[in-house]
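Topology and contacts: notes
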Amino acid sequence: INVMATTEQDSTRYVSRLTRNTLALVLAGGRGSRLKQLTMWRAKPAVPFGGKFRIIDFPLSNCVNSGIRRVGIVTQYKAHSLIRHIQRGWGFMRGELGEFVELLPAQQRLETSWYEGTADAIYQNIDIIRSHSPEYVLILAGDHIYKMDYGTMLAAHVENGADITVGCIQVPLAQASAFGVMAVDEHDRITQFQEKPENPIPMPGSTDQALASMGIYVFNTEALIEELLRDAEDPGSKRDFGGDIIPGNIERRRVMAYPFREPDDDQRAYWRDVGTVDAFWEANLELIGVSPVLNLYDSSWPIWTYQEQDPPAKFVFDDDGRRGMAVDSMVAGGCIVSGSMVRHSLLFSSVHVHSYCNIEDSVIFPEVDIGRRCEIRKAVIDKGCVIPPDTRIGVDPEEDAQRFHVSEGGVVLVTPEMLNQKLHYAR
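Now for a description of the structure that goes with this document.

Cut-offs and rules
Residues numbered from 1 in each chain as written. Predicted model: local features only at pLDDT ≥ 70, side-chain atom pairs only at ≥ 80, totals over all residues. Heavy atoms only, no water. Salt bridge = Lys/Arg side-chain N within 4 Å of Asp/Glu carboxyl O. Helix = DSSP H or I, 4+ residues; strand = E, 2+ residues; numbered from the N terminus. Buried < 20%, exposed > 50% of the residue type's maximum accessible area, 1.4 Å probe, protein only. Pairing = 2+ DSSP bridges. Core = buried A, V, L, I, M, F, W, Y, C linked by side-chain atoms within 4.5 Å. Contact = heavy atoms within 4.5 Å. Polar contact = N/O pair within 3.5 Å; in protein donor to acceptor, adjacent residues only side chain to side chain.

**Details of the pattern of salt bridges**
Inspection of every chain in the model, using the stated rule, returns 18 salt bridges. We note a salt bridge from Glu226 to Arg253, for which the minimum N-O separation is 2.6 Å. Pair noted here: Glu226 is in helix α7 (residues 221-232) and Arg253 is in the loop between α8 (241-249) and β12 (255-259), with a separation of 27 residues, a long-range link. Under the relative-accessibility criterion, Glu226 is labelled partly exposed at 43%. Judged by its relative accessible area of 14%, Arg253 falls in the buried class. In this structure, the salt-bridge partner of Glu286 is Arg272, at a minimum N-O distance of 3.4 Å.

If you want it as structure tokens, here you go:
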């Protein structure tokens, strides 16, 4: 491959050859316990996001839009709703062209245990990696929200002569202890990598910013397999990429950092770990802004998903005191707002808001039914909840704390179980 492309057409062909020779593996087996009861019946990547999507749709869309069409999804924790979503929404790949989205559940292929870490999850699927014979393996987290062209990262990986490339983003130093933090030299070669350090290293030229791992890795396939086999024989390893594989290779191999860029260089880099109730609520409501950083209306970089065949949203009644309307909000198909006010909120599909309600600063999941005269503020309402008439949520913190989960930031999380509604189905 000629790594010195001279024209835009040559560059496109060069990147397309790289993406065709790449297998993407999406780690989607985590529970995401910091999302509290939102992951009681589903894995974190299956949590609804943005009015019509699931979290995993974002890395999968990045793969498709980047030209990577050989994808394995590594699942484990309560994966039924995730598997069902993938089967319904991601079955458009053409197998006869070598395209696929393949599910890789924990099945004790090489060990007698379930996946014990991110590296172990890949290690237990080494035979599947070998069967596809990729030149490069792209490893992704299935629980982050962002748009990224992986083709440019692959091109940088090859041009840098790297064995391993780590996608990275700038984060405030005060928040960096939640990430893998790296130090780099003037050529972006990683010289030090610490997983969730107590005292993070500032990035070069800054005192208040750190270079944090996004959990995105490109490996030369043979290097990956060699290191996974080496790690499996280490009794002291925790079988983790950030804790073991990456730090252990800095001296042994050429490990490079790749600074994150948006598909459109004019946009600010957007990447969210929606791992807490507060972060999840905030990221959803950011989408409502006039010019949100994450633009879901960008036809050049669409987010793909499974879509129910819902009718358009409907707003009924236009009487004083009983007017169905939504202001500064996003409302998905199938919703009916009947004589109520929805303000600065996001409603997923098939939500029914009955009359005389006020909904504000809230994220309402699919198939929620909100009875008459309810007051709901700064809340996340889980799928299938039936909110009784005259319910007040987000109005009295003490009352909320007795019935629901209230986050550090004051977001009220409501699930069917908290309302004594035992749905017990994959959501």
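**Some thoughts on the sheet that holds strand β30 (residues 405-406)**
Sheet strands line up and pair through hydrogen bonds in the backbone, either parallel or antiparallel. A sheet is described by the order of its strands in space; here six strands give the open sequence β18-β21-β24-β27-β31-β30, paired in mixed fashion. The open sheet has two edge strands with one neighbour each: β18 (330-331) and β30. In terms of strand pairing, strand β27 (residues 379-381) meets strand β31 (residues 412-414) through three bridges, oriented parallel. Residue Val380 lies in a different strand from β31, and its bridge partner there is Leu413.

**Digging into the nonpolar core**
One finds Ile73, Tyr146, Met148, Tyr150 and Ile216 to be the most contacted residues of the largest nonpolar core, which totals 42 residues. Discounting residues that sit within four places of it in the chain, Tyr146 has contacts with Phe58, Pro59, Asn62, Leu140, Met214, Ile216, Phe260, Tyr270 and Trp271. One finds Leu27, Ile139, Val184 and Ile245 within the second-largest nonpolar core, a separate group that totals 37 residues.

**Re helix α2 (residues 57-66)**
Within α2, nine of the ten residues are buried, which leaves the element mostly enclosed by the surrounding structure. Residues of α2 that are buried include every one of Asp57, Phe58, Pro59, Leu60, Ser61, Asn62, Cys63, Val64 and Ser66, and no others. Gly67 sits one or two positions beyond α2 and adopts a positive phi of about 90°.

**Considering the sheet that holds strand β14 (residues 314-316)**
Strand order in the open sheet formed by five strands is β14-β19-β22-β25-β28, and the pairing between neighbours is parallel. Looking along the sheet, the strands with just one partner apiece sit at the ends: β14 and β28 (386-387). In terms of strand pairing, strand β22 (residues 352-353) meets strand β25 (residues 369-370) through two bridges, oriented parallel. Bridge pairing in β25 links Val353 to Ile370.

**Let's talk about unusual backbone geometry**
Even without being glycine, Asp188 reaches a positive phi, approximately 70°. Tracing the chain through its elements places Asp188 in the loop between β9 (180-184) and β10 (190-195). A positive phi angle, near 60°, is found at Arg373, a position not held by glycine. On the secondary structure map, Arg373 appears in the loop between β25 and β26 (375-377). Its relative accessible area of 43% is what places Arg373 among the partly exposed residues.

**Some details on the pairing of β9**
The side chains of a regular strand alternate between both faces of the sheet. Burial within β9 is extensive, with five of its five residues counted as buried. Of the two faces of β9, the one holding Gly180, Met182 and Val184 and the one holding Val181 and Ala183 are both buried throughout. In sequence, β9 turns back onto β10 through a hairpin of five residues, with Asp188 there showing a positive phi of about 70°. Here β9 runs beside strand β11 (residues 209-220); their pairing, made up of two bridges, is antiparallel. When the sheet's bridge partners are listed, Met182 is paired in β11 with Leu211.

**Side note on the side chain of Asn249**
Within the secondary structure, Asn249 is located in helix α8. Judged by its relative accessible area of 1%, Asn249 falls in the buried class. In this structure the side chain of Asn249 is engaged in a polar contact, spanning 3.4 Å, whose partner is the side chain of Glu227. Filtering out sequence-adjacent residues up to four positions away, Asn249 remains in contact with Ile164, Glu227 and Val255.

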